[in-house]
Amino acid sequence: MKIGVIGLGRMGEYMSRRLRNNNHEVWGYRRNVEAAKKLFEDDALDGYANDIEALVSSVHDTTDSKSVFLMVIPAGSVDDTLSELLLHVRPGDIIIDHGNSNFKHSRDRGIRLADQNIGYIDCGTSGGVWGLDRGYCLMIGGTDEDVTYCRPIFDALSPDIDSIDRTQPDSTVTPAENGWLHCGPWGAGHFVKMVHNGVEYGIMQSYAEGFNILKSANKGKEYVGIDAETAPMEDPQNYQYDLDIAEVAELWRRGSVVGSWLLDLTAAALRDSPGLDTYSGRVSDSGEGRWTINSAVDLGVPVPALSAALFARFNSQGSSPFADKILSAMRFMFGGHHEKK
């Protein structure tokens, strides 16, 4: 199949390479045309275009009855890119949004494009920079007809069934075991991906807090007694362990019920830099965690762990210094407590 890819950042590049490795012809466009040219010269693309009109024209130069265009771009750029694409695509063409768009917007886009006889698929895509080798987990929303037509693309991008042990080896193979799932109509794919990312926040926060406790396990050695500004530590002799955090992470990878790919990555980071000195501790959020919490409120579903993980990210971004100053001021005003240096 001949495919047009819009957005050739790291994800777009690796998806293009994986598609080509599975015998698809891939043409790409990136606003930085020189960067697109370099990817072409580096064998990541079969061709590149200077603008979206030229990309569409190149992909249309095929015997396929429909042309497929993949957008691997930030959610904030989707509507502008769609508006430009719609000037050049033809009836029957299909546009796949691989970004982290809000599922409500994806549903609206699907309805709007259907009125113009243009197919739209929202494809929540997980796999990050490792997807080229491991494959991408694809959560898909759209019509049966469009998803069926694009199956060769999804099969190429996703891991194969042998990438992980089957849950029930003797059962009939289910669609999800092929690494991608048609979750439902427009918006369903991005809805599932949104919740996926909310869960990701929670798992990451749990690991972070757990390792932070382990790193603090020697604070009993530093305890110097009680003063008005220090909460007393009960039995400081119980907290005098100098733990090798990197080794604990490595240990937990083997046989533990908390083992996961995220733990594998954490262990690799700690092995490379036990103190994680190259990281500032600022953790961004790209929107999906917020949308997950908002949807939970709309649905009346309790999500205390996911909410706490999202607010922890806000705190890491330095969004609470004024609140901290208010707390410090109140404590001084009612008790005369000076801030401890």
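What you see is a predicted model; the values in this text were computed from it and never measured.

Caption draft 1: Examining helix α12 (residues 288-299) more closely. With twelve residues, α12 extends 16 Å from end C-alpha to end C-alpha; this agrees with the ideal 16 Å at 1.5 Å per step. Turning to α12, its buried residues are Glu288, Gly289, Thr292, Ile293, Ser295 and Ala296. On an axial view of α12, the arc spanned by its buried residues comes to 160°, and they lie on one face. Exposed side of α12, more than 90 degrees from the buried face: Val297 and Asp298 are the residues found there. Considering only its buried residues, α12 is in contact with α5 (103-114), α9 (188-215) and α13 (304-316). Backbone geometry just downstream of α12 places Gly300 in the positive-phi region, at approximately 70°.

Caption draft 2: Here's a closer look at a nonpolar patch on the surface. Side chains of Phe322, Ile326, Leu327, Met330 and Phe334 sit close together on the surface and give an oily, nonpolar patch of about 590 Å² of accessible area. Among the secondary structure elements, Met330 is positioned in helix α14 (residues 321-335). Overall, Met330 belongs to the partly exposed group, its relative accessible area being 44%.

Caption draft 3: A look at the packing of α9 against helix α11 (residues 261-272). Where α9 meets α11, the axes come as close as 10 Å, and the angle between the chain directions of the two elements is 45°. With respect to their mutual orientation, α9 and α11 come out oblique. For the pair α9 and α11, the crossing hand works out as right-handed. Taking contact as the criterion, the partners of Ile203, Met204, Tyr207 and Phe211 in α9 are, on α11, Leu262, Leu263 and Thr266.

Caption draft 4: Layout of the packing of α9 against α13. Relative to each other, α9 and α13 sit at 75°, their axes nearing to 8 Å. In terms of axis orientation, α9 runs roughly perpendicular to α13. Contacts from Gly198, Val199, Tyr201, Gly202, Met204 and Gln205 in α9 reach Leu306, Ala309, Leu310, Ala312 and Arg313 in α13. For the contact of α9 with α13, the per-class residue count stands at seven nonpolar, three polar and one charged.

Caption draft 5: Region of interest: the nonpolar core. In this structure, Leu70, Ile96, Ile121, Ile153 and Phe154 are the most contacted members of the largest nonpolar core, which totals 27 residues. At four residues, the largest contribution of residues to this core is made by helix α8 (residues 151-157). Leave out the neighbours within four places in its chain, and Ile121 touches Ile94, Ile95, Ile96, Asp97, Ile140, Gly141, Asp146, Val147, Cys150 and Phe154. In this structure, Tyr29, Val59, Ile95 and Leu113 belong to the second largest nonpolar core, which totals 20 residues.

Caption draft 6: Inspection of helix α4 (residues 78-85) at higher detail. Taken as a whole, α4 has its buried residues at Val78, Thr81, Leu82 and Leu85. Around the axis of α4, the buried residues are gathered within 100° of arc, so they sit on the same side. If you follow the buried residues of α4, they end up packed against β1 (2-6), α3 (52-60), β4 (68-71), β5 (94-97), α5 and β6 (119-126).

Thresholds, definitions, all that
- Residues numbered from 1 in each chain as written.
- Predicted model: local features only at pLDDT ≥ 70, side-chain atom pairs only at ≥ 80, totals over all residues.
- Heavy atoms only, no water.
- Helix = DSSP H or I, 4+ residues; strand = E, 2+ residues; numbered from the N terminus.
- Expected span 1.5 Å × (residues − 1).
- Buried < 20%, exposed > 50% of the residue type's maximum accessible area, 1.4 Å probe, protein only.
- Arc of directions from axis to C-beta.
- Contact = heavy atoms within 4.5 Å.
- Patch = residues over 30% accessible without salt bridge, like charges linked within 9 Å, V, L, I, M, F, W, Y side chains within 5 Å.
- Areas by Shrake-Rupley, 256 points an atom, 1.4 Å probe, with all protein chains shown as cover.
- Salt bridge = Lys/Arg side-chain N within 4 Å of Asp/Glu carboxyl O.
- Axes fitted to C-alpha atoms, helices over the stretch in contact; angles between N-to-C directions.
- Parallel < 35°, antiparallel > 145°, perpendicular 65-115°, else oblique.
- Left-handed = near helix turned anticlockwise from the far one by under 90°.
- Nonpolar A, V, L, I, M, F, W, Y, C, P; charged D, E, K, R; others polar.
- Core = buried A, V, L, I, M, F, W, Y, C linked by side-chain atoms within 4.5 Å.

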